[in-house]
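Coordinates in review
The residues making up each chain are set out below.
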Amino acid sequence: MTTDSGAQPMEFGGVDKAERPLGQSIMRGMLNRCPACGSGRLFKAYLKPVDNCAACGEDISHQRADDLPPYLVILVLGHVMVGGFMMTDLVFQVSMWVHLAIWVPLTIIIALLIIQPIKGGVIGLQWALKMHGFGGEPDEARDI
Ligand SMILES: [Zn+2]
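Residues numbered from 1 in each chain as written. Predicted model: local features only at pLDDT ≥ 70, side-chain atom pairs only at ≥ 80, totals over all residues. Heavy atoms only, no water.

Take the nonpolar core next. Counting residues in hydrophobic clusters, the biggest one holds seven residues: Val 73, Leu 77, Met 81, Trp 103, Ala 111, Ile 115 and Ile 118. In terms of residues, this core owes the most to one element, helix H3 (residues 96-128), which gives four residues. Each residue touching Ile 118, except ones within four places of it in the same chain, is listed here: Pro 69, Leu 72 and Val 73. Ranked by size, the runner-up nonpolar core spans five residues in total, among them Leu 42, Phe 43, Val 50 and Ile 123. (Core = buried A, V, L, I, M, F, W, Y, C linked by side-chain atoms within 4.5 Å. Buried < 20%, exposed > 50% of the residue type's maximum accessible area, 1.4 Å probe, protein only. Helix = DSSP H or I, 4+ residues; strand = E, 2+ residues; numbered from the N terminus. Contact = heavy atoms within 4.5 Å.)

Here is the structure:
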């Protein structure tokens, strides 16, 4: 597929790859920065994104990360914590109560620490792929 001018190759959906680099957008989101400019803050509260970027004015208000950030936190943290529990259980012979006293609070603390960067990365992903209205058109228009 080509652009209207026929000079630049396009990926599917008519989106120019160079316009919104995926890795850079995800990384900027994970660092609490606007995926468009990289300088404005992405979150105005713990998990509440800003409506518009203070630096470049990019509209972030229509982003909907939904359940993907908590799903990713559970997926990543579940593997790390269960693996850590099983490895320490092989090395140290302690009771299950000691394991619970260590692993449950650790899991909660780490989950609270990583959910904001993961949500920022998901917003960056959505922005880079022009999902949920980031392409300048409502979702309803794409469903036709
Ligand atoms: Zn910005």
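Moving on, we get to the environment of Thr 107. Its location among the elements puts Thr 107 in helix H3. The class of Thr 107 is partly exposed, set by a relative accessible area of 26%. What Thr 107 contacts, discounting residues up to four positions off in sequence, is Leu 77 and Met 81. At 2.6 Å, the side chain of Thr 107 forms a polar contact with the backbone oxygen of Trp 103. (Polar contact = N/O pair within 3.5 Å; in protein donor to acceptor, adjacent residues only side chain to side chain.)

What follows deals with the packing of helix H2 (residues 68-91) against H3. The N-to-C vectors of H2 and H3 enclose an angle of 150°; their axes lie 8 Å apart at closest approach. Taken as axis vectors, H2 and H3 run roughly antiparallel relative to one another. Remark: the crossing between H2 and H3 carries right-handed chirality. Residues Leu 68, Pro 69, Pro 70, Leu 72, Val 73, Leu 77, Met 81, Gly 84, Phe 85, Thr 88 and Asp 89 of H2 lie in contact with H3, whose contacting residues are Met 96, His 99, Trp 103, Leu 106, Thr 107, Ile 110, Ala 111, Ile 114, Ile 115, Ile 118, Lys 119 and Val 122. Considering only residue class, the contact of H2 with H3 consists of 17 nonpolar, four polar and two charged. (Axes fitted to C-alpha atoms, helices over the stretch in contact; angles between N-to-C directions. Parallel < 35°, antiparallel > 145°, perpendicular 65-115°, else oblique. Left-handed = near helix turned anticlockwise from the far one by under 90°. Nonpolar A, V, L, I, M, F, W, Y, C, P; charged D, E, K, R; others polar.)

We now examine the packing of aromatic side chains. Using the criterion set out here, one finds zero aromatic pairs in the structure. Sitting over the ring of Trp 127, Arg 20 keeps its end group 4.3 Å from the ring centre. (Phe/Tyr/Trp six-rings, centres within 6.5 Å; stacked < 30°, edge-to-face > 60°. Lys NZ or Arg CZ within 6 Å of the ring centre and 35° of its normal.)

Within the protein, the atoms that donate to the zinc ion are Cys 34 (SG), Cys 37 (SG), Cys 53 (SG) and Cys 56 (SG), at distances of 2.2 to 2.3 Å. Angles of 106 to 112° at the metal separate the four donor atoms of the zinc ion, which places the site in the tetrahedral class. Here the donor residues for the zinc ion map to a single chain with the spacing C-x2-C-x15-C-x2-C. Judged by its relative accessible area of 27%, Cys 37 is partly exposed. (Donors = N, O, S within 2.8 Å, 3.2 Å for Na, K, Ca; no water. Tetrahedral: all angles 85-135°; square planar, octahedral: opposite > 155°, others 65-115°.)

Even without a glycine there, the phi angle at Asn 32 is positive, about 60°. Topologically, Asn 32 is positioned in the loop between helix H1 (22-30) and H2. Residue classification places Asn 32 among the buried positions, given a relative accessible area of 12%. Despite not being glycine, Lys 130 shows a phi value in the positive range, around 55°. Locating Lys 130 in the fold gives a position in the loop between H3 and helix H4 (139-142).

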